[in-house]
Amino acid sequence: MRILLVEDEIKMARAIRRGLEQEGYAVDAVGDGEEALFRATESDYDGIVLDLMLPGMDGFAVCRTLRSRDRWAPVLVLTARDAVADRIRGLDAGADDYLVKPFAFGELLARLRALVRRGPGARPAVLEVGDVSLDPAAHRVLRAGQVVELSAREFALLEYLMRHAGEVVSRTRILDHVWDYNYDGLSNVVDVYVGYLRRKLGTAPDGSEPFIRTVRGVGYVVGS
Ligand code: CA
């Protein structure tokens, strides 16, 4: 297992590196964001331990850029303080987990093991299907580059369909996941909201079938 360690504090970097090597990991250590980005783009790592506060390009930018280049090695970020905002930003930038300094080395090992086990599957922060993109963190939907304004419920419905792109999703399943358990309003509420979404999303530039397609008697599907 090959790990990229990105940490500019020399003592900290040395301690983590030594600990990881004792556990049998191969470790490449770098001290700045540009170098980290270069290494992680050139080689396939099984995991990346990434300090957020780095000179020059910070850890947020490193992580976001890697994901935008389709590099999906699991990333564990290290934050210097217990700042919730940093952790949220880190996760939104595409990190998989975080650890607040100071931490027990055993915890770093445990989290890293869990991440490495999970492997490098693509986990895009922004969902894209056809010409529609949906950013859950920014709560933004674009169709062919144009912003589409949606209500919270419409957004949730579209997000659910896009997370299951290519799958026909039944009305019951949509109700269970997008409306809460106790919903007992209109029975055709799903169809009503699909209608709202279709109107707001408009038609594709080539005028082909609607983005959300009806599969008669079964449910709805987006994507091929
Ligand atoms: Ca640092």
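Residues numbered from 1 in each chain as written. Predicted model: local features only at pLDDT ≥ 70, side-chain atom pairs only at ≥ 80, totals over all residues. Heavy atoms only, no water.

1. Some points on the side chain of Asp-28
Definition in use: Helical segments are the DSSP runs of H or I of at least four residues, strand segments are the runs of E of at least two, and each set is numbered from the N terminus. Identification of polar contacts relies on pairs of N or O atoms within 3.5 Å, with a donor-acceptor requirement for protein atoms, meaning one able to donate a hydrogen and the other able to accept it, and with residues adjacent in sequence counted only if both atoms are side-chain atoms. Contacts are assigned to residue pairs that have any heavy atoms within 4.5 Å of one another.
Assignment of secondary structure puts Asp-28 in strand E2 (residues 26-30). One polar contact links Asp-28 to Tyr-45, side chain to side chain, over a distance of 2.6 Å. Among all residues touching Asp-28, those that are not within four sequence positions of it are Arg-2, Ile-3, Leu-4, Leu-5, Arg-39 and Tyr-45.

2. Concerning the packing of aromatic side chains
In this description, an aromatic ring pair is defined by two values, namely the gap between the centres and the angle between the planes. Let me state the cut-off plainly: Between the rings of Phe, Tyr and Trp (Trp by its six-membered ring), a pair exists once the centres lie within 6.5 Å; its type follows the angle of the planes, with under 30 degrees stacked, over 60 edge-to-face, and the other angles tilted. Partly exposed describes any residue whose relative accessible area lies between the buried limit of under 20% and the exposed limit of over 50%, with all areas from a 1.4 Å probe on protein chains only and scaled to the type maximum. Over a ring means this: the NZ of a Lys or the CZ of an Arg is within 6 Å of the ring centre and within 35 degrees of the ring normal.
Counting across every chain of the model gives one aromatic pair. Centroid distance Tyr-193 to Tyr-196: 5.0 Å. Interplanar angle 75°. Geometry classified as edge-to-face. Taken together, the residues Tyr-193 and Tyr-196, both in helix H8 (residues 189-201) and three residues apart, mark about one turn of the helix. Assessed through its relative accessible area of 32%, Tyr-196 is described here as partly exposed. In this structure, Arg-89 is placed above the aromatic ring of Phe-60, and the distance from its NZ or CZ to the ring centre is 3.7 Å.

3. Notes on unusual backbone geometry
With an omega of -5°, the peptide bond running from Lys-101 to Pro-102 counts as cis. As for its placement among the helices and strands, Pro-102 is situated in the loop between strand E5 (97-100) and helix H5 (105-118). One non-glycine residue, Asp-70, adopts positive backbone phi at about 65°. With respect to the helices and strands, the residue Asp-70 is situated in the loop between helix H3 (59-68) and strand E4 (75-79). Its relative accessible area of 55% is what places Asp-70 among the exposed residues. Unusually for a residue other than glycine, Ala-144 sits at a positive phi of about 50°. Along the chain, the position of Ala-144 falls in the loop between strand E8 (140-143) and strand E9 (146-148).

4. As for the sheet that holds strand E1 (residues 2-6)
Our working rule: Two strands form a pair only when DSSP identifies at least two bridges running between them. Only the stretch in contact is used when a helix axis is fitted, and all axes are lines through C-alpha atoms; the angle between N-to-C directions ranges over 0 to 180 degrees.
The parallel open sheet is built from five strands, whose spatial order is E2-E1-E3-E4-E5. Two strands close off the open sheet at either side, each with one partner strand: E2 and E5. Strand-to-strand, the axes of this sheet are offset by a mean angle of 20°, without reference to chain direction. Pairing of E4 with E5, which is carried by four bridges, proceeds in the parallel orientation. Following the sheet pairing, Val-77 is matched in E5 by Tyr-98. Against the sheet, helix H4 (residues 84-92) engages E4 and E5, with an angle of about 155° to E5.

5. Here we look at helix H2 (residues 33-42)
Side chains that are three or four residues apart share a direction in an α-helix, a result of its 3.6 residues per turn. Which entries qualify depends on this criterion: Each C-beta atom gives one direction from the helix axis, and the arc is the one those directions make.
Gly-33, Ala-36, Leu-37 and Ala-40 are the residues of H2 that are buried. Projection of H2 onto a plane perpendicular to its axis shows the buried side chains occupying an angular sector of 100°, all on one side. Against E1, E2, strand E3 (47-51) and H3 lie the buried residues of H2. Measuring from the side-chain oxygen of the N-cap residue of H2 to the backbone nitrogen of Glu-34 gives 3.1 Å; that N-cap residue is Asp-32.

6. Examining the confidence of the model for the protein chain
Close inspection of predicted coordinates is inappropriate in any region flagged by low pLDDT. Put simply, the rule reads: pLDDT is a residue-level measure of predictor confidence that goes from 0 to 100.
Per-residue confidence for the protein chain averages 89 on the pLDDT scale, and 96% of its residues sit at or above 70. When pLDDT is averaged over each helix and strand of the protein chain, the minimum, 84, is found for H4 and the maximum, 96, for E3.

7. With respect to the coordination of the calcium ion
Heads up, the condition is: Only N, O and S atoms count as donors, using a 2.8 Å limit from the metal and a wider 3.2 Å limit for Na, K and Ca, and since water is excluded some coordination spheres may look unfilled.
Within the protein, the calcium ion binds to Asp-8 (OD), Glu-9 (OE), Asp-51 (OD) and Met-53 (O); these donor distances fall in the range 2.1 to 3.0 Å. Read in sequence order, the donor residues coordinating the calcium ion give the pattern D-E-x41-D-x1-M.

8. Quick notes on the nonpolar core
What counts, and what does not: Here, nonpolar core means buried Ala, Val, Leu, Ile, Met, Phe, Trp, Tyr and Cys residues that are tied together by side-chain atoms lying within 4.5 Å of each other.
Core analysis: the biggest nonpolar cluster contains 26 residues, and Val-141, Leu-158, Leu-161, Met-162, Ile-174, Phe-211 and Ile-212 have the highest contact counts within it. Elements with a minimum of two residues in this core: strand E6 (127-129), strand E7 (132-135), helix H6 (152-163), helix H7 (171-178), H8 and strand E12 (219-222). Take this core: its biggest share by element is six residues, from H6. Not counting the four nearest positions on each side in its chain, Leu-158 is found in contact with Val-132, Leu-134, Val-141, Leu-150, Leu-197, Leu-201 and Phe-211. Within the second largest apolar cluster, 20 residues are counted, among which are Ala-36, Ala-40, Leu-52 and Ala-93.

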